Amino acid sequence: MSGGNYGRSFACALSQRKLKGLVVMPTTVPVDRVCTIRDYGMEVQLVPVANLQDAVDRNVRENGMTFLHSFDDLAVIAGHGSLGFEILEQAGEVNPDIIIIACGGGGMLAGAAAAVKLSGHPECRVYGVEPEGAQTMYQSFQHGCPVAMAVSTIATGLQPPFSGANTYQHCRQFVDAILLVSDSEIASSMWRLHAVGVHAEPSGAAALAALLSGKVPDVSGKSVVVVVSGGNVTAEELQKLRQEFPESRDGRKQSDGNGNGV
């Protein structure tokens, strides 16, 4: 079950071991992600976002398959702890005050936050960032338990229709807050990254969007780390996004020539 990035890694790993696999993906994913996974020799099953888990459960039940969860797996969460260690290592003597990480299913956020907080940096604030149209972890925080909901966002890598029990528990313990950003703010952030040569997809730009839009509190004078994760976007997707979110390459609104933003 994947929006693309995990599925690609899953397919690569199985291909190297000459194993067969199936990746269940939402119908909203760009076609190139499906093709990439199929090129590794894997089967892809496309279903509506709300039916992802049902499709997985059916394949396990009827076809005897083993489910390797893309985010709500303790081994996956632990593996993402390496991101937290890498941040601390690269920061050196400058301890980060704030770390901002996008949240889809929450595996990367949970693992990285736990690694940082448990490595002698409990004072470091770790924020997760979700799209307004796919705020499953935010709503889970609000309700005090993992929730499911309808989702829709340009950040297709951040739109699982539910939060996992394991990721929720870890995020609740180690993440200070979940922040929400709009699709427009995500797109603006992505253009800013592209302007400086960082080829991020919408999901990869979400964390920066929270910082640029002023959603992160008390950043003045602080050491801030923003994680940009995900560059799975084609020229065709970018063209479509520019039509929907017409902004210049530095992220500012385009002008109509009379000084008016359009």
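A quick note: this is a predicted structure, and the numbers were derived from the prediction, not measured.

## Regarding a nonpolar patch on the surface
(1) Moving on: On the surface, a nonpolar cluster with roughly 230 Å² of combined accessible area is contributed by Val196, Val198 and Val228.
(2) Moving on: Mapped onto the secondary structure, valine 228 falls in the loop between β6 (224-226) and α10 (235-244).
(3) Moving on: Its relative accessible area of 36% is what places valine 228 among the partly exposed residues.

## What to know about the layout of surface pockets
(1) Moving on: What the largest pocket holds in volume is close to 630 Å³.
(2) Moving on: Along the wall of the largest pocket there are 30 residues; nearest its centre are Asn5, Tyr6, Gly104, Gly105 and Gly157.
(3) Moving on: Of all the elements in the fold, those that place two or more residues in the lining of the largest pocket are α1 (5-16), α4 (74-91), α5 (107-117) and α9 (202-212).
(4) Moving on: Looking at which element gives the most residues to the lining of the largest pocket, the answer is α5, with 3 residues.
(5) Moving on: For the lining of the largest pocket, the per-class residue count stands at 14 nonpolar, 16 polar and no charged.

## Some words on the pairing of strand β5 (residues 177-181)
(1) Moving on: Within β5, 4 of the 5 residues are buried, which leaves it mostly tucked inside the rest of the structure.
(2) Moving on: In terms of strand pairing, strand β4 (residues 125-131) meets β5 through 5 bridges, oriented parallel. Bridged to proline 131 within β5 is valine 181.

## Comments concerning the sheet that holds β6
(1) Moving on: Taken together, the 4 strands give an open sheet; going across it, the order is β5-β4-β3-β6, and neighbouring strands pair in parallel fashion. Only two strands of the sheet have a single partner each, and these edge strands are β5 and β6. Each strand of the sheet is rotated relative to its neighbour by a mean of 25°, with strand direction disregarded.
(2) Moving on: Pairing between strand β3 (residues 98-102) and β6: 3 bridges, direction parallel. Following the sheet pairing, isoleucine 99 is matched in β6 by valine 225.
(3) Moving on: The strands touched by α9 within the sheet are β3, β4, β5 and β6, with β3 carrying the most contacts at an inclination of about 140°.

## Topic: the pairing of strand β2 (residues 43-47)
(1) Moving on: Strand direction decides the pairing type here: strand β1 (residues 22-26) and β2, joined by 5 bridges, are parallel. Counted as the bridge partner of valine 23 is valine 44 from β2.
(2) Moving on: Crossover β1 to β2 through helix α2 (residues 31-39) is right-handed.

## A short note on unusual backbone geometry
(1) Moving on: With a phi angle near 55°, lysine 18 is a residue other than glycine that sits in the positive phi range.
(2) Moving on: By secondary structure assignment, the location of lysine 18 is in the loop between α1 and β1.
(3) Moving on: The backbone of aspartate 218 shows a phi angle near 55°, a positive value even though the residue is not glycine.

## A closer look at the nonpolar core
(1) Moving on: Counting 27 residues, the largest nonpolar core has Ile186, Trp191 and Val216 as its most contacted members.
(2) Moving on: Looking at this core, the elements that each hand over two or more residues are β3, β4, β5, α8 (183-195), α9 and α10.
(3) Moving on: Sorting elements by how many residues they give to this core places α9 first, with 6 residues.
(4) Moving on: Ile87, Ala113, Val116 and Met137 belong to the second largest nonpolar core, which has 23 residues in total.

## Remarks on the packing of aromatic side chains
Given two aromatic rings, their pairing is described by the distance between the two centres and the angle made by the two planes.
(1) Moving on: For the coordinates displayed, the defined rule picks out 3 aromatic pairs.
(2) Moving on: Taking 6.1 Å as the distance between ring centres and 25° as the angle between the ring planes, the aromatic pair formed by tyrosine 6 and phenylalanine 10 counts as stacked. Here the residue tyrosine 6 and the residue phenylalanine 10 both occupy positions in helix α1, the gap between them amounting to 4 residues, near one helical turn.
(3) Moving on: Owing to a relative accessible area of 25%, tyrosine 6 belongs among the partly exposed residues under this scheme.
(4) Moving on: A relative accessible area of 15% places phenylalanine 10 in the buried class.
(5) Moving on: Taking 5.8 Å as the distance between ring centres and 45° as the angle between the ring planes, the aromatic pair formed by phenylalanine 71 and phenylalanine 162 counts as tilted. Note that phenylalanine 71 is positioned in the loop between α3 (52-63) and α4 and phenylalanine 162 in the loop between α6 (136-143) and α7 (165-174), a separation of 91 residues in sequence.

Cut-offs applied
- Every chain begins its residue count from 1, and numbering advances along the sequence as written.
- Two thresholds apply to this predicted model, a pLDDT of at least 70 for residue-level local features and 80 or more for giving and counting side-chain atom pairs, whereas whole-chain, interface and lining totals are computed over all residues.
- Values reported for side chains reflect all heavy atoms of the structure, with hydrogen atoms and water molecules removed beforehand.
- Residues enter patches when they are more than 30% accessible in relative terms and free of salt bridges; like-charged ones are connected within 9 Å and nonpolar ones (Val, Leu, Ile, Met, Phe, Trp, Tyr) within 5 Å.
- Using a 1.4 Å probe, accessible areas were evaluated by the Shrake-Rupley method; residue-level cover was limited to the displayed protein chains.
- Basic side-chain nitrogens of Lys or Arg form a salt bridge, by our definition, when they fall within 4 Å of a carboxyl oxygen of Asp or Glu.
- Every helix listed is a DSSP run of H or I at least four residues long, and every strand listed is a run of E at least two residues long, numbered separately from the N terminus.
- Classification of residues uses two cut-offs on accessible area relative to the type maximum, computed with a 1.4 Å probe and protein chains only: under 20% is buried, over 50% is exposed, and between them is partly exposed.
- Grid points spaced at 1 Å and placed over the protein atoms alone form the basis of the search, with a cavity being a set where a 1.4 Å probe fits but cannot get out and a pocket an open set showing protein on both sides within 12 Å along at least five of seven lines. Lining residues have an atom within 4 Å of a point.
- Grid points are joined across faces, edges and corners, and a volume is the space filled by probe spheres set on the points.
- Residues are sorted three ways: Asp, Glu, Lys and Arg are charged, Ala, Val, Leu, Ile, Met, Phe, Trp, Tyr, Cys and Pro are nonpolar, and all the rest, Gly among them, are polar.
- Two strands are said to pair when DSSP picks up at least two bridges between them.
- Angles shown run from 0 to 180 degrees and are taken between the N-to-C directions of axes, each axis being a line fitted to C-alpha atoms and, for helices, limited to the stretch in contact.
- Residue contacts are defined here by distance: any two heavy atoms, one from each residue, within 4.5 Å place the two residues in contact.
- Handedness of a crossover: with both strands directed away from the viewer, a clockwise path from the first strand across the helix to the second marks it as right-handed.
- Here the nonpolar core consists of buried residues drawn from Ala, Val, Leu, Ile, Met, Phe, Trp, Tyr and Cys, with membership extended through side-chain atoms lying within 4.5 Å.
- When two rings of Phe, Tyr or Trp (its six-membered ring) have centres within 6.5 Å they constitute a pair, described as stacked for plane angles under 30 degrees, edge-to-face for angles over 60, and tilted for the intermediate range.

These figures capture arrangement, not role.
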